[in-house]
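Commentary on secondary and tertiary structure
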Protein chains: 2
Amino acid sequence: MKAGIAIFPSKKLQDFANSYRKRYDPKYALIPPHLTLKGPFDINEEDLPRYSEKLEEIAQKYRPFPLRTTKISSFHPLNNVIYIKIEPTPVLVDLYNEINEDPFFGSPSENQFVPHITIGQELSNGEHADVYSQLRLIDVEFEETVDRFHLLYQLDDGIWTVYETFLLGK
Amino acid sequence: MKAGIAIFPSKKLQDFANSYRKRYDPKYALIPPHLTLKGPFDINEEDLPRYSEKLEEIAQKYRPFPLRTTKISSFHPLNNVIYIKIEPTPVLVDLYNEINEDPFFGSPSENQFVPHITIGQELSNGEHADVYSQLRLIDVEFEETVDRFHLLYQLDDGIWTVYETFLLGK
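Residues numbered from 1 in each chain as written. Chains lettered and ligands numbered in written order. Predicted model: local features only at pLDDT ≥ 70, side-chain atom pairs only at ≥ 80, totals over all residues. Heavy atoms only, no water.

Focus on the overall build of chain A
- Of regular secondary structure, chain A possesses four helices and eight strands.
- By the compact-globule yardstick of 15 Å for 170 residues, chain A fits well, its C-alpha radius of gyration being 16 Å.
- C-alpha atoms of chain A, sized along the principal axes, occupy 45 × 35 × 30 Å.
- Counting all 170 residues of chain A, 55% fall into the buried class.
- In chain A, the share of contacts with a sequence separation of at least 24, taken over all contacts with a separation of at least 6, comes to 75%.
- A total accessible area of about 8,100 Å² is found for chain A, and carbon and sulfur atoms account for 47% of it. (Helix = DSSP H or I, 4+ residues; strand = E, 2+ residues; numbered from the N terminus. Rg over C-alpha atoms; globule rule 2.2 N^0.38 Å. Buried < 20%, exposed > 50% of the residue type's maximum accessible area, 1.4 Å probe, protein only. Contact = heavy atoms within 4.5 Å. Areas by Shrake-Rupley, 256 points an atom, 1.4 Å probe, with all protein chains shown as cover.)

In structure tokens:
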């Protein structure tokens, strides 16, 4: 099965993101709004406890850190994903790197880390141009504290379920 | 906002439940398959850490316990909810009672605890009779270990997001 590691922001920021996701993101119902720390990777269900142990070790090394949104942006022309851009603060980047460079979690991602919360995807070029031209004008000024992240796994129908929460610095 | 406390069973049992939920449960996309320990209650977001603390204390007192499904049943004529019945083992009932009788969590539930995983709801009487007459014949023999439960809260659009996991006996 597939597992993933993600941060769920505050209810306020999740509600804001979902007000767009419900219109522009076909994956809206599969998972609440999130910042991906590690995208889908293969795992056996019986190995989940080993992953938990490893992530608990990592979480202990960090302290809660600020999360700040900067604007609405897009990965176009790479793909038609519209997202809330998150400031790549040093602690967030360190946490991401620690998880993604550890051979425990498989081969490291080759993409540069652009912290974000997706609000639209799988849009045609026309839809993307239309939607993005409006959304990019919106002010998104959220500032909050991240004190946890989650290990999730995916059910057969694509829905993600949380396996465990890891509290930073605990 | 609303919060709730639930157990998510194994992937296998969640997949089994979702194969029916996707057809018979309009709340399918709001939350993965679960056994409710405490139904929706009002909470302020800033109080979540206090609830976490309390639930951590409770979780520490328990050890992982077996979860066994017994059959597919229905709450009809009380309501048209079809569910997977879970054996009310002493530890599960104790955990439920501890959470539901603690004044910390508000007034106790007046319903008797019938541990279950909902697979169908909001069915008309005709649909209920039709669906239930088929589903009640299905053998459901899952046996697994529960070693955690979760505190969730509800977003404005009805989707539930996990705030924290509590490991039994840790």
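The structure having been displayed, the exposition proceeds.
A few points about the pattern of salt bridges
- Counting across every chain of the model gives 24 salt bridges over all chains.
- Across the salt bridge formed by Arg68 of chain A and Glu143 of chain A, the nearest N and O atoms sit 3.2 Å from each other. With Arg68 of chain A in strand S3 (residues 65-74) and Glu143 of chain A in strand S6 (residues 143-146), this pair connects stretches of sequence that are 75 residues apart.
- The exposure class of Arg68 of chain A is partly exposed, given its relative accessible area of 25%.
- Three or more residues are tied together by salt bridges with common partners; here these are Lys11 and Asp15 of chain A together with Asp156 of chain B. (Salt bridge = Lys/Arg side-chain N within 4 Å of Asp/Glu carboxyl O.)

Observations concerning the pairing of strand S8 (residues 160-167) of chain A
Residues and elements named next belong to chain A.
- Among the eight residues that make up S8, eight are buried, leaving the element largely enclosed by the rest of the structure.
- Across seven bridges, strand S7 (residues 148-154) lies against S8 in antiparallel orientation. Paired with Leu151 across the bridge in S8 is Glu164.
- The turn joining S7 and S8, which pair antiparallel and follow one another in sequence, is formed by five residues; a positive phi near 100° is taken by Gly158. (Pairing = 2+ DSSP bridges.)

Describing the packing of aromatic side chains
Residue and element names in this part refer to chain A.
- The tally for this structure, following the rule as stated, stands at 22 aromatic pairs over all chains.
- A centroid spacing of 5.8 Å and a plane angle of 55° characterise the contact between Tyr51 and Phe105, whose relative ring orientation is tilted. Of this pair, Tyr51 sits in helix H2 (residues 48-60) while Phe105 sits in the loop between helix H3 (90-101) and strand S5 (116-120), and the two are 54 residues apart along the sequence.
- We classify Tyr51 as buried; its relative accessible area is 8%.
- Using a relative accessible area of 3% as the deciding quantity, one classes Phe105 as buried.
- Here the aromatic cluster, defined as three or more aromatic residues joined through ring pairs, consists of Phe41, Tyr51, Phe104 and Phe105. (Phe/Tyr/Trp six-rings, centres within 6.5 Å; stacked < 30°, edge-to-face > 60°.)

Thoughts on the interface of chain B and chain A
- Each partner contributes residues to the interface: chain B has 30 residues there, and chain A has 30 residues.
- Together, Lys11, Arg148 and Leu155 of chain B form the three largest contributors to the area buried by chain B at its contact with chain A, with a combined 22%.
- For the pair chain B and chain A, the interface holds four salt bridges.
- Across the contact surface, chain B and chain A share 21 residue pairs in polar contact (both at pLDDT 80 or more).
- If you list the elements that add at least two residues to the side of chain B that touches chain A, you get helix H1 (11-24), strand S7 (148-154) and strand S8 (160-167) of chain B.
- No other element matches the seven residues that S8 of chain B contributes to the side of chain B that touches chain A. (Buried area = accessible area lost by both parts, 1.4 Å probe. Polar contact = N/O pair within 3.5 Å; in protein donor to acceptor, adjacent residues only side chain to side chain.)

A few points about the UniProt feature "active site" (unreviewed entry) in chain A
Residue and element names in this part refer to chain A.
- The feature "active site" (unreviewed entry), as annotated in UniProt, sits at His34 and His116 in this numbering. The annotated residues occupy 83 residues of the chain but converge on a single region, no pair of C-alpha atoms lying more than 8.2 Å apart.
- We classify His34 as buried; its relative accessible area is 17%.
- Beyond its immediate sequence surroundings of up to four residues, His34 is in contact with Ala6, Ile7, Phe8, Pro9, His116, Ile117 and Thr118.
- Within the structure, His34 has its side chain in polar contact with the backbone oxygen of Pro32 (distance 2.9 Å).
- Note on placement: His116 falls in strand S5.
- Beyond its immediate stretch of four places on either side in the chain, His116 contacts His34, Leu35, Thr36, Phe75, Tyr83, Ile84 and Ile86. (UniProt positions renumbered as here; feature names shortened; annotations may be inferred.)

Side note on helix H3 (residues 90-101) of chain B
All names here are of chain B.
- For H3, with 12 residues, the first-to-last C-alpha span of 16 Å sits near the 16 Å given by 1.5 Å per residue.
- Burial in H3 covers these residues: Leu92, Leu95, Tyr96, Ile99 and Asn100. Buried residues in H3, looked at end-on, bunch into an arc of 120°, giving them a common side. With respect to the buried face of H3, the exposed residues turned more than 90 degrees away are Pro90 and Glu101.
- Here the buried face of H3 lies against strand S1 (2-7), strand S2 (35-42), helix H2 (48-60), strand S3 (65-74), strand S4 (82-86) and S7. (Expected span 1.5 Å × (residues − 1). Arc of directions from axis to C-beta.)

Some words on the side chain of Thr118 of chain B
- Within the secondary structure, Thr118 of chain B sits in strand S5 (residues 116-120).
- The residues touching Thr118 of chain B, leaving out its near neighbours within four places in the chain, are Arg21, Asp25, His34, Val81, Ile82 and Tyr83 of chain B.

Thoughts on the relation of the copies chain B and chain A
- Turning chain B through 180° and shifting it by 0.0 Å along the axis lays it on chain A, with an RMSD of 0.0 Å. In the structure described here, the two chain copies are related by an operation that fits a two-fold rotation axis.
- When the interface residues of chain B are mapped onto chain A, 100% of them are again interface residues, pointing to one common binding face. (Least-squares fit on C-alpha atoms with pLDDT ≥ 70 in both.)

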